[in-house]
Amino acid sequence: MKSNFNAKSQVELEQKYKESLAAFKQNVEQIVSGFKAFDAPDLRTYFFMISNLKYFFKNKFDHKYEAFFKALMLHRDLAAKDYFNLEYLHLMLDAIKVKRNPQVNIGTGGHIYCLFHMGSYRLPLAYLAKQHPNAKFALVIDREAYTSQAEEGLEVMQRISSNRNHKIIIAERVSSAMEMVKLVKKGWQLLFYIDGNKGANGNKTHDNMVSVSFLESNFHVRKGIAQISYITNTPVTSLMSYRASSHIFENTIHYLNTITPNRTIPRAQFTLECTQKIYNDFSEVLKRYPEQWEGWLYIQQFIAPSPMKKNVYNNERLADFKFNDERFGIIKYKDNYYAFDFVSRNMLKLNAAHLALIEGLKTKKEDNATPIEVAQPLIHAGILT
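Residues numbered from 1 in each chain as written. Predicted model: local features only at pLDDT ≥ 70, side-chain atom pairs only at ≥ 80, totals over all residues. Heavy atoms only, no water.

### Describing the nonpolar core
Generally speaking, nonpolar side chains in soluble globular proteins are found buried as a group. Heads up, the condition is: Joining through side-chain atoms within 4.5 Å is the link that ties buried Ala, Val, Leu, Ile, Met, Phe, Trp, Tyr and Cys residues into a set, and such a set is a nonpolar core. When a residue's accessible area, from a 1.4 Å probe over protein chains only, is under 20% of the maximum for its type it is buried; when over 50% it is exposed; and in between it is partly exposed. A helix here means a DSSP run of H or I that spans at least four residues, while a strand means a run of E at least two residues long, and both kinds are numbered starting from the N terminus. Residues are treated as being in contact if the distance between any of their heavy atoms lies within 4.5 Å.
Counting residues in hydrophobic clusters, the biggest one holds 70 residues, and the most contacted among them are M49, F219 and W296. Among the elements that make up this core, the one with the highest residue count is helix α2 (residues 43–57) (9 residues). Filtering out sequence-adjacent residues up to four positions away, M49 remains in contact with Y65, F68, F69, L72, W296 and L297. Counting residues in each nonpolar core, the second largest holds 40 residues, with F24, L115, L191 and F249 among its members.

### Some thoughts on the sheet that holds strand β12 (residues 347–350)
Selection criterion: At least two DSSP bridges between two strands are needed for those strands to be called paired. Axis definition: a line fitted to C-alpha atoms, limited for helices to the stretch in contact. Angles are taken between N-to-C directions and run from 0 to 180 degrees.
The strand order β10-β11-β12 describes an open sheet built from 3 strands, whose pairing is antiparallel. Across the chains shown, the open sheet's two edge strands, defined by having one partner strand only, are β10 (328–333) and β12. Each strand of the sheet is rotated relative to its neighbour by a mean of 35°, with strand direction disregarded. Note that strand β11 (residues 336–341) and β12 share 4 bridges and pair antiparallel. Residue Y338 lies in a different strand from β12, and its bridge partner there is K349. Sheet contacts for α2: β10, β11 and β12; angle to β10, the most-contacted strand, approximately 150°.

### Digging into the pattern of salt bridges
As a reminder, the rule being used: Salt bridge, as applied in this entry: a Lys or Arg side-chain nitrogen positioned within 4 Å of an Asp or Glu carboxyl oxygen.
In this structure the tally under the stated criterion is 10 salt bridges. Between K130 and D94 there is a salt bridge; the shortest N-O distance is 3.6 Å. Here K130, found in helix α5 (residues 123–131), pairs with D94, found in helix α4 (residues 86–95); they are 36 residues apart in sequence, far enough to count as distant. Assessed through its relative accessible area of 24%, K130 is described here as partly exposed. When the shortest N-O distance is used, the salt bridge between K277 and D281 registers 3.2 Å. Of this pair, K277 and D281 are both found in helix α9 (residues 267–286), 4 residues apart, which corresponds to roughly one turn of the helix. With a relative accessible area of 33%, K277 lands in the partly exposed category.

### A look at the packing of helix α3 (residues 65–84) against α4
Between two packed helices, what matters for the description is the angle formed by their axes and the separation of those axes. Note the cut-off: Roughly parallel here means an angle under 35 degrees, roughly antiparallel means over 145, roughly perpendicular means 65 to 115, and every remaining angle is called oblique. Residue classes follow a fixed rule: Ala, Val, Leu, Ile, Met, Phe, Trp, Tyr, Cys and Pro count as nonpolar, while Asp, Glu, Lys and Arg count as charged, and any other residue, Gly among them, counts as polar.
Between α3 and α4, the shortest axis-to-axis distance is 5 Å and the interhelical angle comes to 90°. Compared by their axis directions, α3 and α4 come out roughly perpendicular. Facing K81, D82, Y83 and F84 of α3, the residues of α4 in contact are L86, Y88, L89 and M92. Its residues assigned to classes, the contact of α3 with α4 comprises 6 nonpolar, no polar and 2 charged.

### Describing the packing of α2 against α3
Running from N to C, α2 and α3 cross one another at 110°; their axes reach a closest spacing of 11 Å. By the angle between their directions, the pair α2 and α3 is classed as roughly perpendicular. Facing T45, Y46, M49, I50, L53 and K54 of α2, the residues of α3 in contact are Y65, E66, F68, F69 and L72. Tallied by class, the residues present in the contact of α2 with α3 amount to 8 nonpolar, 1 polar and 2 charged.

### Regarding helix α11 (residues 372–381)
Think of an α-helix as turning once every 3.6 residues; residues three or four places apart then point the same way. Spelled out, the test is: When we speak of the arc, we mean the arc of directions from the helix axis to the C-beta atoms.
Turning to α11, its buried residues are V374, A375, L378, I379 and A381. The buried side chains of α11 occupy one side of the element, clustering within an arc of 165° when seen end-on. Its buried side turned inward, α11 meets β10, β12 and α10 (352–362). Two residues or fewer after α11 comes G382, characterised by a positive phi angle close to 90°.

### Brief notes about the side chain of Q300
Inclusion rule: What qualifies as a polar contact is a pair of N or O atoms within 3.5 Å, subject to a donor-acceptor requirement within protein and to the restriction that residues adjacent in sequence count only when both atoms come from side chains.
Take Q300: it is sitting in the loop between α9 and β10. Residue classification places Q300 among the buried positions, given a relative accessible area of 14%. Within polar-contact distance, the side chain of Q300 engages the side chain of N52 at 2.9 Å. Other than its neighbours up to four places away in sequence, Q300 contacts F48, N52 and R345.

### Structural notes on the sheet that holds strand β2 (residues 111–115)
Strand pairing in a sheet takes place through backbone hydrogen bonds and is either antiparallel or parallel in direction. On the basis of which strands lie adjacent, the open sheet formed by 7 strands has the order β1-β9-β8-β2-β5-β3-β4 and mixed pairing. One side of each edge strand has no neighbouring strand; the edge strands of this open sheet are β1 (97–99) and β4 (167–170). The sheet shows a mean angle of 25° between the axes of neighbouring strands, direction not considered. As paired elements, strand β8 (residues 236–242) and strand β9 (residues 252–259) share 6 bridges and run antiparallel to each other. Paired with Y242 across the two strands is T252, which belongs to β9. Across the sheet, helix α8 (residues 224–232) lies against β2, β5 (189–193) and β8, angled at about 165° from β2, the strand it touches most.

Structural data, given as C-alpha cells:
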C-alpha cells in the first residue's frame with residue numbers, strides 16, 4: 001500500500017533529506033580532519049576499524065582508510081534518520097526493491113529472522129511489520145541498545161503495522177532464552193541482529209559462542225540463534241538492507257537463504273553449520289558493499305587479541321629506521337600517548353623520548369643522537385622498522 005504523499009511533498013522531503021545528507025557529510029569531514037590531533041575523540045574508533053579491516057581482509061582490502069571511514073560513518077548516521085523520521089520511512093518503504101531467494105517460504109507460524117547492521121539496518125524491521133501486519137514480532141537486543149532507541153524503534157513498528165502486539169526481549173536477562181523458545185512455539189517472529197549484542201546473560205565466553213570462518217579470518221559469534229532454531233524446529237531466514245541505487249530513497253531488502261533445522265544431527269553440529277552458513281551468505285553481499293556494515297566499528301570485541309611480535313635489533317643506525325605507519329598509529333588516551341597496533345590491537349605506552357624519536361624519524365630530522373636504550377622497545381615491538 002502506497003503512502004499518502006503527493007509529488008510536491010515528496011520533492012520537499014527529498015530536498016530536506018539532501019540537506020541532512022550534506023550536514024552529515026560535513027560533520028564526518030570535521031571528524032576526520034580532527035585526526036591530526038592524537039587525542040581526537042573518534043581516533044580510537046578509526047584505529048579499531050583499520051585493525052578489523054586488516055584482520056578480515058588481510059591484503060585484499062583496496063580502499064583508502066579515511067575515505068572508507070567517511071562512507072561508513074555516513075551510512076551509520078543515515079540509518080537513524082531513515083527509520084525515526086516517519087515521513088522519510090514511508091517514502092523508503094514505497095521505494096524498496098526486494099531481492100528474495102526462491103527458497104524462502106514464510107508461513108504463518110513462528111519464524112526466526114537474522115538481521116545485520118548493514119546499510120539502513122533498521123529498515124527491515126519496518127518492512128517486515130508492514131508486510132506481515134498481523135504477525136507478532138519480538139526484537140531481541142542487548143541492554144545497551146534497549147536504553148538508547150529500542151522503545152522508540154518498537155513504536156515505529158507498531159505504527160507501521162497498526163499492531164500493538166510487538167515486544168522487546170533483552171538478551172542478557174537469564175530468562176530470555178526460555179522466553180524466546182516459548183514465544184516462537186506460539187507463532188511469534190523472533191528478530192535478531194546476529195552481529196550485534198552479546199547474547200543471553202551478556203556472556204562473551206566460548207560457552208556462548210562458536211568460531212566461524214568469515215572473509216579471510218575466523219572469529220567467535222553468538223550461537224543462540226541456531227540453538228533456538230534447533231530446539232524449536234523453526235527455520236531461520238537471513239535478510240539485510242543496503243543502498244544499491246543512486247536514488248536517494250531507494251534501498252534493497254535482500255533475503256538470503258532460509259535454513260531449516262536438521263534434527264537428525266547433534267545440536268552442536270547444526271549450531272556450527274547453521275551459524276557458518278549465515279556468515280557465508282552475509283559475506284558474499286558484504287564484499288559488494290563493505291562500507292555499509294557498521295560492524296567494522298566494533299567487531300574487535302569478538303576477536304581475541306594477538307600477542308605483539310618482538311623484533312631483534314641488529315645495531316643498524318637509528319637514522320635508517322622509520323615509523324611503521326602500516327601497522328601502528330599514535331593516539332593520546334587518558335592523558336598518555338600510545339602506539340596502537342593494528343595487528344594485535346594492543347597499545348604500547350610511549351614516553352616523551354619515544355615521541356621525539358618517532359617524530360624525528362618521520363620528519364627525517366633524527367641525527368642518531370638518541371640513546372639506543374630509548375629506541376630498543378620501539379624496535380622490539382615493530383614500531384620502528
